[in-house]
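# Structure at a glance
What follows is each chain in one-letter form.
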Amino acid sequence: VGAADPQLQRFIEVETQKQRFQQLVHQMTELCWEKCMDKPGPKLDSRAETCFVNCVERFIDTSQFILNRLEQTQKSKSAFSESLSD
């Protein structure tokens, strides 16, 4: 893959990240549903609504943490690569 077009490689990376994110959203939706939904009905009760809000907020916090961590890792890799090429 080293000889592949850099634009193509970047496109594949971005699409892979999108797929992983979609997978994570699906898993979190499933987890929150199982955790928060006792019995489906025409309306959410306040306990279920609070549970879903908390679940989504934790998901957002976790996603932000992961994105920040990936960004730090990417910067470290770039800095390391640059120091090797000097």
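Read on for an overview of the structure. Please read all numbers here as calculations on a predicted model, not as lab measurements.

## Focus: helix H1 (residues 6-36)
If you check H1, its first and last C-alpha atoms are 44 Å apart, about what 31 residues at 1.5 Å a residue would give, namely 45 Å. For H1, every residue scored as buried is listed here: Met28, Cys32 and Cys36.

## Here we look at the pattern of salt bridges
Applying the stated criterion across every chain, the model contains five salt bridges. Of the charged contacts, one joins Asp38 and Arg47 as a salt bridge, the two residues approaching to 2.8 Å between their closest N and O atoms. Exposure remark for Asp38: the relative accessible area of 60% places this residue in the exposed category. The exposure class assigned to Arg47 is partly exposed, which follows from its relative accessible area of 39%.

## Regarding the state of the cysteines
Under the defined criterion, the tally for this structure stands at two disulfides. Each disulfide pairs two cysteine sulfurs, and for Cys32 the partner residue is Cys55, the sulfurs being separated by 1.6 Å. Here the S-S torsion is close to -85 degrees, and the disulfide linking Cys32 with Cys55 is therefore left-handed. Of this pair, Cys32 sits in helix H1 while Cys55 is found in helix H2 (residues 46-85), placing the two residues 23 residues apart along the sequence. Of the two residues, Cys32 and Cys55, neither departs from the other in class, the shared state being buried. Each bonded cysteine of the chain is numbered by sequence order, and under that numbering the disulfide pairs are 1-4, 2-3.

Here is what the cut-offs are and how they apply
- Residues numbered from 1 in each chain as written.
- Predicted model: local features only at pLDDT ≥ 70, side-chain atom pairs only at ≥ 80, totals over all residues.
- Heavy atoms only, no water.
- Helix = DSSP H or I, 4+ residues; strand = E, 2+ residues; numbered from the N terminus.
- Expected span 1.5 Å × (residues − 1).
- Buried < 20%, exposed > 50% of the residue type's maximum accessible area, 1.4 Å probe, protein only.
- Salt bridge = Lys/Arg side-chain N within 4 Å of Asp/Glu carboxyl O.
- Disulfide = S-S within 2.5 Å.

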